[in-house]
Amino acid sequence: LQQSTGLATEWASTTGQEYHVDTPDKTAVLLVGAEVDTSRYDAAPIVLSSRPVPCVVKRKWCGIMWDSRLTFIPFREARVVARRLAFKPLCALAREGVVPLEELRAMSKSKVEGTLFFGAMFLVMADEFREVLVELQLEFERSLLGAPGWVAGFLVRAVAGWSLDWAEQAIYDALVFR
């Protein structure tokens, strides 16, 4: 690997290119495995353009959060937070009775679902993604309906008219993407 980075460094110097090695958000090494020990890497790091490449245990690349165990849990959690933020305004409109529920559900397709299904193929690789997404959808629908948490999920699903729950939609999107 160091030999390959040596070739990259040589190419950069002959073409006048520059690597962003000083900032971990640009160039970094993500160690992958069950037991990641960064101290061993730090003792003998990969060198690119005569600077050591920093080591990270979590990395955002092309909008996807990667962790060293490849669980995609940080990515799933980031999508859940983004989705909750996206559905709060819609739920407030429902609570105030300003917009009919049918229109809010139609708006949720672009406002809410778009935030969750970015990177669906990685989302479905996260542990417990199904349980998390179904519970999140129930939270959203209960909030729209003003229903308490003890209302059964199958009733919420029936009233809302779901053909697919968000977990099933994520699986579908991942399959269609491939």
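Heads up: the structure comes first, above all this text.
Residues numbered from 1 in each chain as written. Predicted model: local features only at pLDDT ≥ 70, side-chain atom pairs only at ≥ 80, totals over all residues. Heavy atoms only, no water.

(A) Helix α7 (residues 129–145), seen in detail. With 17 residues, α7 extends 24 Å between its outermost C-alpha atoms, agreeing within 8% with the 24 Å of an ideal straight helix rising 1.5 Å per residue. Residues of α7 that are buried: Phe129, Leu133, Leu136, Gln137, Leu138, Phe140, Glu141, Arg142 and Leu144. (Helix = DSSP H or I, 4+ residues; strand = E, 2+ residues; numbered from the N terminus. Expected span 1.5 Å × (residues − 1). Buried < 20%, exposed > 50% of the residue type's maximum accessible area, 1.4 Å probe, protein only.)

(B) Structural view of the nonpolar core. Counting residues in each nonpolar core, the largest one holds 29 residues, and the members touching the most others are Val112, Phe122, Leu133, Phe140 and Trp166. Looking at this core, the elements with two or more residues in it are β6 (64–67), α3 (73–96), α6 (120–123), α7 and α9 (166–177). Counting residues per element, this core draws most heavily on α3, which supplies 7 residues. Filtering out sequence-adjacent residues up to four positions away, valine 112 remains in contact with Arg83, Ala86, Phe87, Leu90, Met107, Phe140 and Trp166. Of all hydrophobic cores here, the second largest spans 6 residues; its members include Val29, Tyr41, Ile46 and Leu48. (Core = buried A, V, L, I, M, F, W, Y, C linked by side-chain atoms within 4.5 Å. Contact = heavy atoms within 4.5 Å.)

(C) Structural context of α3. Over its 24 residues, α3 runs 34 Å from end to end, which matches the ideal 34 Å to within 8%, given 1.5 Å per residue. Largest kink in α3: about 30°, centred on lysine 88, with the proline proline 89 one to four residues after it. Looking at α3, one finds that the buried residues are Phe75, Arg76, Arg79, Val80, Arg83, Ala86, Phe87, Leu90, Cys91 and Ala94. Directly beyond the C-terminal end of α3, a positive phi value near 70° is found at glycine 97. (Bend = angle between axes of the 7 residues up to and from the residue.)

(D) Region of interest: unusual backbone geometry. One non-glycine residue with positive phi stands out, namely phenylalanine 72, at about 60°. Residue position: phenylalanine 72 is located in the loop between β6 and α3. A residue is classified by how much of its surface remains accessible, and phenylalanine 72, at 4% relative accessible area, is buried. One non-glycine residue, glutamate 128, lies in positive phi territory at about 55°. Assignment of secondary structure puts glutamate 128 in the loop between α6 and α7.

(E) Region of the structure containing the packing of α7 against helix α8 (residues 153–160). At a minimum axis separation of 10 Å, α7 and α8 run at an interaxial angle of 65°. Seen from above, α7 lies across α8 with left-handed handedness. In this structure, α7 contributes Leu138, Glu141, Arg142 and Leu145 to the contact, and α8 contributes Gly153, Val156, Val159 and Ala160. (Axes fitted to C-alpha atoms, helices over the stretch in contact; angles between N-to-C directions. Left-handed = near helix turned anticlockwise from the far one by under 90°.)

(F) Here's a closer look at the packing of aromatic side chains. Considering all chains together, one arrives at 3 aromatic pairs under this definition. Ring centres 5.3 Å apart and planes at 40° place the aromatic pair phenylalanine 72 and phenylalanine 122 in the tilted group. Of the two residues, phenylalanine 72 is situated in the loop between β6 and α3 and phenylalanine 122 in helix α6; the sequence distance between them amounts to 50 residues. Phenylalanine 122 carries the same exposure label as phenylalanine 72, and that label is buried. Ring geometry for phenylalanine 87 against phenylalanine 140: centres 4.9 Å apart, planes inclined by 45°, an arrangement best described as tilted. Taken as a pair, phenylalanine 87 in helix α3 and phenylalanine 140 in helix α7 lie far apart in primary sequence, 53 residues in all. Of the two residues examined, phenylalanine 87 and phenylalanine 140, each falls in the buried class. The side chain of arginine 83 reaches across the aromatic face of tryptophan 166, ending 3.4 Å from its centre. (Phe/Tyr/Trp six-rings, centres within 6.5 Å; stacked < 30°, edge-to-face > 60°. Lys NZ or Arg CZ within 6 Å of the ring centre and 35° of its normal.)

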